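Coordinates in review
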Amino acid sequence: MSVEYYRADGIRATADEAQRLLLDARSRLLAQDVIRVGGVVVVVSTWFTVIDLGFAANGRPLLWQTIVSDLSMHADVGRYSTREKAARGHAEAVEMITGRLRGLVARAALDEAHP
C-alpha cells in the first residue's frame with residue numbers, strides 16, 4: 001500500500017512536495033495554545049499532517065489534526081478535512097480543555113478546604 005501525500009488545499013502532492021512540507025513544521029502549525037490553570041499546563045496544537053489520517057464521512061482526506069499534550073501524555077482530539085474546520089475544531093478544543101481544567105482545579109480546591 002503506497003502512501004498518498006497532500007497539500008493543505010487537499011490536492012495530492014508529489015513525494016518531493018511532501019518532503020518539503022514535512023520538513024517545514026512551522027508552516028504546518030495552524031494554531032497552538034498553552035493553557036495554564038492552577039499548576040496544570042496543557043498545550044493544544046493543530047497541525048497539517050501531509051498524509052491522510054483516514055477518510056471523512058464525505059470521502060475527503062483528513063489532513064489536519066488537533067493534539068492535546070502535557071508532560072506525561074498526548075491525545076488526538078480531532079481530525080479535519082479542511083483548514084477552516086481545523087481552526088474551528090482547535091478553538092473548540094481549547095474551550096473544552098480550559099473548562100474541564102478549571103472544573104478539576106476548583107473541585108480539588110474544594111476537596112482541600114473541606115476534607
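Structure's up top.
Keep in mind that this is a model prediction, so the values were computed, not measured.

Let us now look at the side chain of T82. Along the chain, the position of T82 falls in the loop between strand 6 (74-80) and helix 3 (83-113). You can call T82 buried: its relative accessible area is 12%. Once residues within four sequence positions are removed from consideration, T82 is found in contact with R60 and W64.

In this fold, T46 is placed in strand 4 (residues 40-48). Side chain to side chain, T46 and T66 meet in a polar contact 2.7 Å long. If we ignore the near neighbours within four places in the chain, the residues touching T46 are R28, L29, L30, A31, Q65, T66, A86 and H90.

Here we come to the nonpolar core. Within the largest apolar cluster, nine residues are counted, these being I35, V37, V42, V44, V68, A93, V94, I97 and L101. Taken together, the elements giving at least two residues each to this core come down to strand 3 (29-37), strand 4 and helix 3. The element best represented in this core is helix 3, accounting for four residues. Setting aside anything within four residues of it in sequence, one finds I97 in contact with I35, V42 and V68.

In this section: the pairing of strand 6. Bridging between strand 5 (residues 64-69) and strand 6 involves six bridges; their strand directions are antiparallel. Along strand 6, the bridge assignment pairs S69 with H74.

Glancing now at the packing of aromatic side chains. Taken as a whole and assessed by the stated rule, the structure comprises one aromatic pair. With a centroid separation of 5.1 Å and 50° between ring planes, the pair formed by F48 and W64 is classed as tilted. Of the two residues, F48 sits in strand 4 while W64 sits in strand 5, which places them 16 residues apart along the sequence. The exposure class of F48 is buried, given its relative accessible area of 3%. Given a relative accessible area of 1%, W64 falls into the buried group.

Mapped onto the fold, L30 is located in strand 3. The spatial distance from the C-alpha of L30 to the C-alpha of W47 is 5.5 Å, given a sequence separation of 17 residues. If we ignore the near neighbours within four places in the chain, the residues touching L30 are T46, W64, R83, A86 and A87.

Attention now moves to the pattern of salt bridges. Taken as a whole and assessed by the stated rule, the structure comprises three salt bridges. We note a salt bridge from R79 to D76, for which the minimum N-O separation is 2.6 Å. Residue classification places R79 among the partly exposed positions, given a relative accessible area of 39%. A relative accessible area of 35% places D76 in the partly exposed class.

Conventions adopted
- Residues numbered from 1 in each chain as written.
- Predicted model: local features only at pLDDT ≥ 70, side-chain atom pairs only at ≥ 80, totals over all residues.
- Heavy atoms only, no water.
- Helix = DSSP H or I, 4+ residues; strand = E, 2+ residues; numbered from the N terminus.
- Buried < 20%, exposed > 50% of the residue type's maximum accessible area, 1.4 Å probe, protein only.
- Contact = heavy atoms within 4.5 Å.
- Polar contact = N/O pair within 3.5 Å; in protein donor to acceptor, adjacent residues only side chain to side chain.
- Core = buried A, V, L, I, M, F, W, Y, C linked by side-chain atoms within 4.5 Å.
- Pairing = 2+ DSSP bridges.
- Phe/Tyr/Trp six-rings, centres within 6.5 Å; stacked < 30°, edge-to-face > 60°.
- Salt bridge = Lys/Arg side-chain N within 4 Å of Asp/Glu carboxyl O.

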